[in-house]
Each structure stands twice: as C-alpha cells, then as structure tokens.
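Structural features, examined
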Amino acid sequence: MAALHFKSVIKIRDGINPYILVSAAQEKSLKPGWRKPLPVLVRINGKPAEPWRINMMPVGDGSFYLYLHGDVRRASGTKVGDRVEVELRFDARYRNGPQHRVPSWFKAALIKTPQARKNWEALVPSRKKEILRYFSRLKAPEARARNLERALHVLSGRKGRFMARAWDGGA
C-alpha cells in the first residue's frame, strides 16, 4: 500500500498531548472506513529510518489524532508548532491482542463451559485484553474463584455485572 505524504503543524491537545490531525479524506487513502484505533507506520521529516509503529486515535468524525510521543519528536528534531512532513502507511503486520496469557484456571473453565468459550472467542481483542489484565492482578485464590464464577456467568450468556459492566448475551 502506498504511503500518504502531507504537511501539517504539530499541535497540542489538552495542554499535554502533541498531535497531528489526519483528516477523514487523508485516512481514506490508508484504510477506508476504519473507525477504531488505526495502526500506522510513521516518519516525521523523513525520520527515523525505521518508521515508528503508532495507533492513530479516532476523533469521531472520520478524522484521526496522530499523537507524537517524545521519542518521535526527538528523532525528528521537532516540537509543538513546527510545520512537518508526515509519512504514514497502514501497518498491515500489526496484530494486537491480549498481552497477558490466559491463566490455566480460566482456560480450564472455558474448556468445560462451551458457551462461555464461544462468547470469549467472539469478544473483541481489547475486551479480552482488559479481562486478562484484570485476572493477572488477582492473587488470592478466593478472588480468583469469585471472579471466575462471575466471568463464566456472563460469558455463558446470562445477565450480570462483571468488571463494572452490565453484560447480556455474553457480551
């Protein structure tokens, strides 16, 4: 896929977040119709040699914020207010998902509960990641058992609350 090249000014959002606004029209040349965080390879003023992997964040109107963390700005020698040359490519190799392993006690329970396993597999990666992060922080056996029971209840398709959310139908 061809790279998108354009010039823009680095702005600041909420007083702390340097960004470049990528318009809906510009985004369409990368990945038409995308509405969630968009993985891209980024170079600012031709730097660095190996592009940064960044997720552009949707604004809600079809455009995206391309946040530029300090390492990107240092590598490109830029700061807020600078007019820069932006190079973006869709990162087709990006594969995000759970960064925590599925605990053996949860995996065993899913194997024994086919409907819960089916609904678990249907969850979006960000929800799985959130649940696995939560499970990774549980230390006491009682807390694990209590949360396993709640997770299986809602993943089995029954109404309930788990992780400060109302669940219905396994999602």
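These lines cover the structure that appears in this document, whether it is placed above or below. (Residues numbered from 1 in each chain as written. Predicted model: local features only at pLDDT ≥ 70, side-chain atom pairs only at ≥ 80, totals over all residues. Heavy atoms only, no water.)

1. Some remarks on the overall build of the protein chain
The condition that has to hold: Think of it this way: any DSSP run of H or I at least four residues long counts as a helix, any run of E at least two long counts as a strand, and we number them from the N terminus. Between the two quantities, the radius of gyration covers C-alpha atoms and the globule rule is 2.2 Å times the number of residues to the power 0.38. Working definition: with a 1.4 Å probe on protein chains only, accessible area under 20% of the residue-type maximum means buried, over 50% means exposed, and in between means partly exposed. Any two residues whose heavy atoms approach within 4.5 Å are treated as being in contact. The Shrake-Rupley method, run with a 1.4 Å probe, gives the accessible areas here. Residue values count only the displayed protein chains as cover. Positive residues here are Lys and Arg, negative ones are Asp and Glu, while His and the chain termini are left out of the count. Taken as the charge location is NZ of Lys, CZ of Arg, CG of Asp or CD of Glu.
Of regular secondary structure, the protein chain possesses 6 helices and 9 strands. For a compact globule of 171 residues, the expected C-alpha radius of gyration is about 16 Å, and the protein chain comes in at 21 Å, more than 25% above that figure. A principal-axis box enclosing the C-alpha atoms of the protein chain has dimensions of 55 × 30 × 30 Å. Taken over 171 residues, the protein chain has a buried fraction of 36%. The contacts of the protein chain with a sequence gap of at least 6 include a subset with a gap of at least 24, amounting to 63%. Surface accessibility of the protein chain: about 10300 Å² in total, with carbon and sulfur atoms responsible for 52%. Averaging the locations of the 35 positively and 14 negatively charged side chains of the protein chain gives two centres separated by 4 Å.

2. Details of empty space enclosed by the protein
So the rule is basically this: Only protein atoms enter the 1 Å grid, on which a cavity is a set of points fitting a 1.4 Å probe that cannot get out and a pocket is an open set with protein on both sides within 12 Å along at least 5 of 7 lines, lining residues being those with an atom within 4 Å of a point. Grid points are joined across faces, edges and corners, and a volume is the space filled by probe spheres set on the points. Each residue is assigned to one class: nonpolar for Ala, Val, Leu, Ile, Met, Phe, Trp, Tyr, Cys and Pro, charged for Asp, Glu, Lys and Arg, and polar for all the others, Gly among them.
Counted by the stated rule, this structure contains 1 cavity of 30 Å³ or more. In this model, the largest cavity occupies a volume close to 30 Å³. Lining the largest cavity are Leu41, Arg43, Pro51, Glu87 and Arg89. Put simply, the parts of the chain that give the lining of the largest cavity at least two residues each are strand 4 (38–44) and strand 7 (83–90). Of the residues that constitute the lining of the largest cavity, the class distribution is 2 nonpolar, no polar and 3 charged.

3. Section: the side chain of glutamate 27
Here glutamate 27 is to be found in helix 1 (residues 24–28). Ignoring sequence-local partners within four residues, the contact set of glutamate 27 consists of Val22, Pro32, Gly33, Trp34, Leu38, Gly62 and Phe64.

4. Quick notes on the packing of aromatic side chains
Short version of the rule: Here a pair means two rings of Phe, Tyr or Trp (six-membered ring of Trp) with centres within 6.5 Å. Their orientation is stacked below 30 degrees between planes, edge-to-face above 60, and tilted elsewhere.
Across all of its chains, the model carries 11 aromatic pairs by this definition. Relative to tyrosine 65, the ring of tyrosine 19 has its centre 5.0 Å away and its plane inclined at 85°; by these criteria the two rings are edge-to-face. Pair noted here: tyrosine 19 is in strand 3 (residues 17–22) and tyrosine 65 is in strand 6 (residues 64–67), with a separation of 46 residues, a long-range link. The same class applies to tyrosine 19 as to tyrosine 65, namely buried. Ring plane angle 85° and centroid distance 5.1 Å describe the contact between phenylalanine 106 and tryptophan 120, whose orientation is recorded as edge-to-face. Taken together, the residues phenylalanine 106 in helix 3 (residues 104–112) and tryptophan 120 in helix 4 (residues 114–122) connect sequence positions 14 residues apart. You'll find phenylalanine 106 and tryptophan 120 in the same group, each marked buried. Each member of the aromatic cluster is reached from another via a ring pair, and the members are Trp105, Phe106, Trp120, Tyr134, Phe135, Phe162 and Trp167.

5. Observations concerning helix 6 (residues 141–155)
Keep this limit in mind: Helices are assigned an expected span. That span is 1.5 Å times one less than the residue count. The arc refers to the directions leading from the helix axis to the C-beta atoms.
With 15 residues, helix 6 extends 21 Å between its outermost C-alpha atoms, agreeing within 8% with the 21 Å of an ideal straight helix rising 1.5 Å per residue. Those residues of helix 6 not exposed but buried are Ala143, Asn147, Leu148, Ala151, Leu152, Val154 and Leu155. One face of helix 6 carries all of its buried residues, which in axial projection span an arc of 165°. For helix 6, exposure combined with an orientation more than 90 degrees from the buried face picks out Pro141, Glu142 and Glu149. On its buried face, helix 6 sits against helix 3, helix 4, helix 5 (125–136), strand 8 (160–162) and strand 9 (165–167).

6. A few points about the sheet that holds strand 7
Threshold: The criterion for strand pairing is that DSSP finds at least two bridges linking the strands in question. Only the stretch in contact is used when fitting a helix axis, every axis being a line fitted to C-alpha atoms; angles between N-to-C directions are given from 0 to 180 degrees.
If you walk across this open sheet you meet the 7 strands as 1-7-4-5-6-3-2, and the pairing is antiparallel. With partners counted over all chains shown, the strands left at the sheet margins are strand 1 (4–9) and strand 2 (11–13), one partner each. Neighbour to neighbour, the strand axes of the sheet diverge by 45° on average, direction disregarded. The sheet contact formed by strand 2 and strand 3 spans 3 bridges and is antiparallel. Across the sheet, the residue bridging to isoleucine 12 is proline 18, located in strand 3.

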